[in-house]
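Working through the structure, step by step
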Amino acid sequence: MWIPVARLPPRLRLSALAAAGRFCILGSGAATRKHLPARNRSGLSDCSPQLLPEPDFRNPPKKASRSSLDFKRYVTDRRLAETLAQIVCGKPNRPPHLLLECNPGPGILTEALLEAGAKVVALESDKTFIPHLESLGKNLDGKLRVIHCDFFRIDPRSGGAIKPPAMSSEELFKNLGIEEVPWTAGIPLKVFGMFPSRGEKRALWKLAYDLYSCTSIYKFGRIEINMFIGEKEFQKLMADPRNPKLYHVLSVIWQIACEIKVLHMEPWSSFDVYTRSGRLENTKRKEVLELLQQKLYLVQMTPRQNLFASSLTPMNYNIFFHLLKHCFGRRTATVIDHLRSLTPLDARDVLMQIGKEEDEKVVNMYPQDFKRLFETIECSEDCAYKWLYDETLEDM
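Residues numbered from 1 in each chain as written. Predicted model: local features only at pLDDT ≥ 70, side-chain atom pairs only at ≥ 80, totals over all residues. Heavy atoms only, no water.

A word on the overall build of the protein chain
Counting its secondary structure elements, the protein chain contains 14 helices and eleven strands. Buried residues in the protein chain amount to 54% of all 396 residues. If you take every contact in the protein chain between residues at least 6 apart in sequence, the share linking residues at least 24 apart comes to 74%. Of the roughly 18,900 Å² of accessible surface on the protein chain, a fraction of 50% belongs to carbon and sulfur atoms. (Helix = DSSP H or I, 4+ residues; strand = E, 2+ residues; numbered from the N terminus. Buried < 20%, exposed > 50% of the residue type's maximum accessible area, 1.4 Å probe, protein only. Contact = heavy atoms within 4.5 Å. Areas by Shrake-Rupley, 256 points an atom, 1.4 Å probe, with all protein chains shown as cover.)

A look at the nonpolar core
Ranked by size, the top nonpolar core spans 77 residues in total, and within it Phe151, Tyr212, Trp254, Met301 and Phe370 carry the most contacts. Among all residues touching tryptophan 254, those that are not within four sequence positions of it are Leu204, Leu207, Ala208, Leu211, Tyr218, Leu237, Ile260 and Met301. Counting residues in each nonpolar core, the second largest holds 29 residues, with Val75, Ala122, Phe129 and Leu133 among its members. (Core = buried A, V, L, I, M, F, W, Y, C linked by side-chain atoms within 4.5 Å.)

Here we look at the packing of aromatic side chains
Counting across every chain of the model gives 20 aromatic pairs. Here tyrosine 209 and phenylalanine 321 contribute two aromatic rings whose centre-to-centre distance is 5.1 Å and whose plane-to-plane angle is 75 degrees, an arrangement assigned as edge-to-face. With tyrosine 209 in helix α7 (residues 200–213) and phenylalanine 321 in helix α11 (residues 317–329), this pair connects stretches of sequence that are 112 residues apart. For tyrosine 209, a relative accessible area of 3% translates into the label buried. (Phe/Tyr/Trp six-rings, centres within 6.5 Å; stacked < 30°, edge-to-face > 60°.)

A few points about the pattern of salt bridges
With the rule as written, the count across this model stands at 13 salt bridges. Lysine 206 is paired through a salt bridge with aspartate 210; the nearest N and O atoms lie 2.9 Å apart. On the criterion of helical spacing, the pair formed by lysine 206 and aspartate 210 is a turn pair, its members being four residues apart in helix α7. Close ionic contact of arginine 372 with aspartate 369 constitutes a salt bridge, the shortest N to O distance being 2.8 Å. With arginine 372 and aspartate 369 both in helix α14 (residues 367–379), this residue pair falls three residues apart, about one helical turn. Assessed through its relative accessible area of 34%, arginine 372 is described here as partly exposed. Here the salt bridges do not stand alone but share partners, grouping Arg78, Glu82 and Glu115 into one network. (Salt bridge = Lys/Arg side-chain N within 4 Å of Asp/Glu carboxyl O.)

Quick look at the packing of α7 against helix α9 (residues 249–257)
Where α7 contacts α9, the two axes come as close as 11 Å, and the packing angle between them is 45 degrees. By the angle class used here, α7 and α9 are oblique. When you trace α7 past α9, the crossing you get is left-handed. Each of Lys201, Leu204, Trp205, Leu207, Ala208, Leu211 and Tyr212 in α7 lies in contact with α9, whose residues at this interface are Val249, Leu250, Ile253, Trp254, Ile256 and Ala257. Tallied by class, residues from the contact of α7 with α9 come to twelve nonpolar, no polar and one charged. (Axes fitted to C-alpha atoms, helices over the stretch in contact; angles between N-to-C directions. Parallel < 35°, antiparallel > 145°, perpendicular 65-115°, else oblique. Left-handed = near helix turned anticlockwise from the far one by under 90°. Nonpolar A, V, L, I, M, F, W, Y, C, P; charged D, E, K, R; others polar.)

A look at the pairing of strand β4 (residues 119–124)
Buried residues dominate β4, accounting for five of its six residues. One ladder, built from five bridges, connects strand β3 (residues 98–102) with β4; its direction is parallel. Looking at the pairing, leucine 98 lines up with lysine 119 of β4. Read as a crossover between parallel neighbours, the route from β3 over helix α4 (residues 108–115) to β4 is right-handed. The pairing of β4 with strand β5 (residues 144–148) spans five bridges and is parallel. What sits directly across from alanine 122, in β5, is valine 146. (Pairing = 2+ DSSP bridges. Right-handed = clockwise from strand over helix to strand, strands pointing away.)

A short note on the packing of α9 against α11
To describe two helices that pack against each other, one gives the angle between their axes and the distance between the axes. Between α9 and α11, the shortest axis-to-axis distance is 9 Å and the interhelical angle comes to 145 degrees. Handedness of the crossing formed by α9 with α11: right-handed. Packed against α9, whose contacting residues are Val249, Val252, Ile253 and Ile256, the element α11 presents Phe320, Phe321, Leu324, Lys325 and Phe328 at the interface. Across the contact of α9 with α11, the residue classes break down as eight nonpolar, no polar and one charged.

Quick look at the sheet that holds strand β6 (residues 189–194)
Read across the open sheet, the seven strands follow the order β5-β4-β3-β6-β7-β10-β8; overall the sheet is mixed. The sheet is open, and its two edges are formed by β5 and β8 (258–267), each paired on a single side. Each neighbouring strand pair of the sheet contributes to a mean axis angle of 20 degrees, computed without reference to strand direction. Pairing between strand β7 (residues 224–230) and strand β10 (residues 295–303): six bridges, direction antiparallel. Bridging across to β10, asparagine 226 finds its partner in glutamine 300. Those strands touched by helix α6 (residues 169–176) are β3, β4, β5 and β6, and its axis lies near 155 degrees from that of β5.

Examining α4
Residues of α4 that are buried: Leu109, Thr110, Ala112, Leu113 and Leu114. Where α4 is buried, its residues touch α3 (78–89), β3, β4, α5 (130–136), β5 and β6. Phi turns positive one or two residues past the end of α4, at glycine 117, with a value near 100 degrees.

Listed below in C-alpha cells is the structure:
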C-alpha cells in the first residue's frame, strides 16, 4: 500500500520505501489517529510518539576542555602485553586472523602480538609513534603494516573531505585487500584496542548504528571487536532487568547484536596515560586519580550470525532503535502504554503473543523480549500499517 514518505526524516524514509504499509502517517491524510479505533488510554498512550534524535558523533561534549578529553592509555608493561596477546590470538596452531590494532602508541603490545603469530595492521592516530612502529615491521615479510588512521574516526559523519587520521572504510579495506563477505560467513578480521577514555558511549553508539545498518566496517562482514572499556560503561553494557538502574537502550542493542564475552580485567593503574602532546599525564590530577581506582574490562563483541534471520533487517533497524528509545524514555511505565503510542495494533494481543502480561514494565523486559516484541509487530497481518508516526514532530 502506498504511503507518503516525502517529509519523513531520512533515517525513516528508507524503511518506509522498503516496506510500504509499515507506517501509519499521522496528520498526512493517509491515516490519522482519528481513523483508529477509540481506546481507553492513559499515561504515555495519550502522547504522540516522539522520534529521538540520533547521537551527534561529530562534536565532543563542551563541558570539559579538549586536552582533558583526549588523554590516551597505552600498554607499556611487557608482561601485560604478552598476556593480552595470548588472549586475543588464541591457540598457537590456529590460523591467525588479520588484526587491526587501534592506537598502539609505543608498540609494546604490537611486538607481543607479532611474536604470538598475529598479522597486525597498526592504526595509529599520532604521527609521532609511526616511525617507531614501522621499524618494528622490518624483516617480518609484511606481518605488520602501519597506517596513519584513527579507528574511531573511520567514516566520520561530519561530511566533507576526509583527512587523516580520519579515513573511509572503503579506502582502508581496499588498501588492505579485504573484500566483503556475507553476514552469515565467518569472522573476516578482528579489531583490538581501547575505547576512548572520554568517549566510550559515543563510540558504542556509532558502532551500533554501523553494525545494524551493515555499513562502514560492518559492510565487510561480522567484524569482531575486542576492546577495553571502563567499569561504568561495562556495567551498563551488560545490564539487564536484574540491574534496572543501569539497564538502558545500549544494553539492549548490544546484547541483541553480539555475543559478549569478558576476556580479561585489568586495573586502570596498569596502563600509562598520555595527553595529546605525548607527555605522561600528571597522575596527581583529581580526574586521573579517580580513574585509576577503576577497572578496565577487555570485552569481545562478536556479531550474531542470526541477527537478521527474522524480521529485523538493516532497512528497518532504525524503527527498532526508536521503539527502544521510546520505551526507555519512561522506563518505569508499562510496555502497553508505550505500544499504544507506537502502533495501531492491539497492544494486549501483541503482548499476549510474546507471553507478557498487560502490567509488564519496561525494565522487566530482557533484550530478547524487545526483539520478539518488534518482530511480532513487524510480522503482524492484522493491520495495513504497523507503526505510528506524527509528521509534526519531524524537526524534533
